[in-house]
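# Commentary on secondary and tertiary structure
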Amino acid sequence: MEQYVDCSLCSIEPKGKAARCRRCSGMLTGRERLMHEIREARGWKYIATMLSAIAPGLGQFFGSRIFTGIIFGTLIPLGLGLLYVTWGGFSYSHFFVIGAAIFVLIVASADAWFGPTSPKAPCQKACPASLPIPDYLQLIANQDLEQGYSLIRTRLPLVGTIGRICPHPCEDRCFRGIDGEPISINGCKRYLADMRAMRLEKGSELPPPLPLLEDGPKVAIIGSGPAGLSCAFYLSVLGAKVEVFDSDEEPGGRLISTIPDFRLPKEIIRTEIEDLKARGVTFRSGECVGPGGTSVGRIFDEFDATFLSIGAPQSIKLGIEGEEAFTDFQDFLRVSKSEKPPKINGNVAIIGGGNAAVDASRTALRCGAKQVHLLYRRDMDQMPARTDELEAAMREGVKVHFLINPTRAILEDGVLKGLEVVDMQLGLVDSSGRPKPVKREGSERVMPFELVIPCLGQTVASTIFDDPALARLTRHKDGRVKVSTSTLRTSISGLYAGGDTVRGALTAVAAIADGRKAALAIFADIAPRKVRAPLRRQVMVRVPYGGHQESAKAKMRERMHSKPLSIRISGFQEVEEGFNHAQASTEASRCLQCHREL
Ligand code: SF4
């Protein structure tokens, strides 16, 4: 018997068999879809907020958040009941009850405006880009790969890139993980991108992107990292004319400059940038913006809006004696991606516990280091690096030391000879929510190293902020730009900001989500009449739902093939080889489609 899925994205439920609408099935063009989303998000939020302002909880019910709706819905009747039971004439304490009722009305309305309006699977809730994960897994299981790829691109333009480097918080929340192994969601995403690339290689004809709008707005993007590329993609889909400025000769930001090829080959991001060029996005690479380059004021004059996404370009210093002899991790990773990677003879210390530290360790091994020691001042549970990447580094030969901290560099005639280190122990929880590492007295010792690379993260420091046109830009004490969280507008009219510039150094997928949010906000602000233009009537199409496997085997995830160890560390070729058809189909079929139960 045939089964069909509901339209999970727009909640349209036709009579009889459930179905998908044109938008969710990929039959609306990208531009129609985004226009629709801008209007729909506002419309739904407006209705939910009005309902909650009339009766707290109604807006939450409208958004399918039953539990929250019940809580808000019971507060005012409870208060009135209390008033009725204790009534003995008017007293000042009744002002408190009235004040509390008004407060509940305001909070319920604000919650209806800012809260989600439709049920999502746990994986989708955990995804910074809110990808429709169960839907694209279903499309893989149905062998509908082009539609699966298109569906991801509605929220994530760089599918092949993120399919390789995402820390996949979705997998930590996957329901399959409760009684087995979580779905390899990121592996499936990468599979869709790989299959699309293969189809293109074989000469598959794809419909050309919609031309830009003749009278479309002009938007400048400063910085071509993940946030900038994402903003450029969605603005070009909407029809805006976009120019991307970057001081580097090649666009891509940290994706092209510092993520090693063994995790993300340059060709992947280059292909995705070529797609942006084909959509009409202009890249002004090698053009510095700010003092000494193109002035920000000139950009403000030339363009209708500007998106600032310069990332977090400056490495954080250790602040210990002799650190001028250390090597900057961004410089090291950048050079290792060049035609002539550095040759290392000797022992290397990498200091830090993030993904960049693991990348630098694995890169140092490939550059010929005798031994690579990764020093981290907390223990493994608090390490922010991806566990699978850390395990891969350890398998390749990186020696990881936990609860150890450098205290000074050992120099002889200005030449680095080693590090004085000290053992640490975990103390009380600090402001980061993790136990604070405390020095173990008397544990100082020297470790011999020829090269030391601190990887402690980055800060948002750039000369662009000295530009007079940005004098009124409000920023946090640590340099991050202050923005409105819902629209990413800054304190300067027409200027938006997102990605690491706003959040501090974070994941590429979070930066990409910011780029999309900014694109929609920019377009809605500067081209409101185009957003209001009517869309064609939506038409239902049906997508078969094959159901999920319940066999014992379905509890275990598919393992991606990877290069043998000996080949891996002899060069910079990509380590993971991706899923084949059978693996991807089996893995996608394990999905429980949790949101259908919500
Ligand atoms: S089983 Fe599927 S829908 Fe449920 S959390 Fe995992 S990936 Fe998401």
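Above this text you will find the structure in question.
We now turn to the structure provided with this report. (Residues numbered from 1 in each chain as written. Predicted model: local features only at pLDDT ≥ 70, side-chain atom pairs only at ≥ 80, totals over all residues. Heavy atoms only, no water.)

## A short note on the overall build of the protein chain
Within the protein chain, the regular secondary structure consists of 22 helices and 17 strands. A burial count over the protein chain gives 49% of its 598 residues as buried. Once local pairs closer than 6 in sequence are excluded, the contacts in the protein chain between residues at least 24 apart make up 70%. (Helix = DSSP H or I, 4+ residues; strand = E, 2+ residues; numbered from the N terminus. Buried < 20%, exposed > 50% of the residue type's maximum accessible area, 1.4 Å probe, protein only. Contact = heavy atoms within 4.5 Å.)

## Examining the sheet that holds strand β14 (residues 451–454)
A sheet is described by the order of its strands in space; here four strands give the open sequence β9-β8-β7-β14, paired in parallel fashion. The strands lining the two open edges of the sheet, one partner per strand, are β9 (399–401) and β14. Along the sheet, successive strands turn relative to each other by an average axial angle of 20 degrees, direction set aside. As defined by bridge partners, strand β7 (residues 347–351) adjoins β14 across four bridges and the pair is classed as parallel. The partner of Ile350 across the bridge, within β14, is Ile453. (Pairing = 2+ DSSP bridges. Axes fitted to C-alpha atoms, helices over the stretch in contact; angles between N-to-C directions.)

## Section: the nonpolar core
Membership of the largest hydrophobic core comes to 73 residues, with the highest contact counts inside it found for Ile133, Tyr136, Ile140, Leu235 and Leu255. Looking at which element gives the most residues to this core, the answer is helix α19 (residues 508–526), with 10 residues. The two domains that each donate at least three residues to this core are domain 2 (121–207 + 540–597) and domain 3 (218–314 + 460–526). Phe329, Ile344, Leu390 and Cys455 belong to the second-largest nonpolar core, a separate cluster that totals 25 residues. (Core = buried A, V, L, I, M, F, W, Y, C linked by side-chain atoms within 4.5 Å. Domains from an automatic or database assignment.)

## What to know about the packing of helix α11 (residues 226–238) against α19
Orientation of α11 relative to α19, taken along the N-to-C sense of each, is 35 degrees, at an axis distance of 7 Å. Here the hand of the crossing between α11 and α19 comes out right-handed. In this structure, α11 uses Pro226, Ala227, Ser230, Cys231, Tyr234, Leu235 and Leu238 to contact α19, whose residues at the interface are Ala508, Ala511, Ile512, Gly515, Arg516, Ala518, Ala519, Ile522 and Phe523. Here the residues of the contact of α11 with α19 sort into 13 nonpolar, two polar and one charged. (Left-handed = near helix turned anticlockwise from the far one by under 90°. Nonpolar A, V, L, I, M, F, W, Y, C, P; charged D, E, K, R; others polar.)

## Some remarks on helix α15 (residues 329–336)
Among all positions in α15, only Phe329, Gln330, Phe332, Leu333 and Ser336 are buried. The arc that holds every buried residue of α15, seen down its axis, measures 160 degrees, which confines them to one face. Close packing links the buried residues of α15 with α12 (254–257), β6 (314–315), α16 (355–366), β14 and β15 (458–459). For α15, the N-terminal capping position is held by Asp328, with its side-chain oxygen 2.9 Å away from the main-chain nitrogen of Gln330. (Arc of directions from axis to C-beta. Polar contact = N/O pair within 3.5 Å; in protein donor to acceptor, adjacent residues only side chain to side chain.)

## With respect to the sheet that holds strand β3 (residues 241–246)
Taken in spatial order, the five strands of this open sheet run β4-β3-β2-β5-β16, and their pairing is parallel. A strand with exactly one partner marks an edge of an open sheet, and here the two such strands are β4 (282–285) and β16 (495–497). Averaged over all adjacent pairs, the angle separating strand axes in this sheet is 20 degrees, with direction ignored. Sheet topology places strand β2 (residues 218–222) next to β3; five bridges connect them, and they run parallel. If you follow Ile221 over to β3, its bridge partner there is Val244. Each of β2, β5 (305–308) and β16 is contacted by α19, which is oriented at about 165 degrees to β5, the strand it contacts most.

## Focus on the packing of aromatic side chains
Note on aromatic pairs: each is described by the distance of the centres and the angle between the planes. Using the criterion set out here, one finds two aromatic pairs in the structure. Geometrically, the ring pair formed by Phe233 and Tyr234 is edge-to-face, given 4.9 Å between the ring centres and 90 degrees between the ring planes. Using a relative accessible area of 1% as the deciding quantity, one classes Tyr234 as buried. Judged by centre distance (6.1 Å) and plane angle (85 degrees), the rings of Phe245 and Phe303 are edge-to-face. One end of the pair, Phe245, is in strand β3; the other, Phe303, is in the loop between α14 (296–302) and β5, and 58 residues separate them in sequence. Exposure remark for Phe303: the relative accessible area of 5% places this residue in the buried category. Note that Arg366 overlies the ring of Phe262, its terminal NZ or CZ placed 4.0 Å from the centroid. One Lys or Arg, Arg475, reaches over the ring of Phe465 and ends 3.6 Å from the middle of that ring. (Phe/Tyr/Trp six-rings, centres within 6.5 Å; stacked < 30°, edge-to-face > 60°. Lys NZ or Arg CZ within 6 Å of the ring centre and 35° of its normal.)

## Notes on the environment of Arg196
Mapping Arg196 onto the fold places it in helix α10 (residues 185–201). On the accessibility criterion, Arg196 (14% relative accessible area) is buried. For the pair Arg196 and Tyr149, spaced 47 residues apart in the sequence, the C-alpha separation amounts to 7.5 Å.

## Re the pattern of salt bridges
By the definition in use, this model includes 36 salt bridges. Residue Arg559 is joined to Glu181 by a salt bridge in which the shortest nitrogen-to-oxygen separation is 2.7 Å. Of this pair, Arg559 sits in the loop between β17 (540–541) and α21 (565–568) while Glu181 sits in the loop between α9 (169–172) and α10, placing them 378 residues apart in sequence. Taking the relative accessible area as the measure of exposure, Glu181 reaches 18% and is therefore buried. Bridged by salt links that share partners, the residues Arg263, Asp359, Arg362, Arg366, Arg386, Asp388, Glu389, Glu396 and Arg568 form one connected network. (Salt bridge = Lys/Arg side-chain N within 4 Å of Asp/Glu carboxyl O.)

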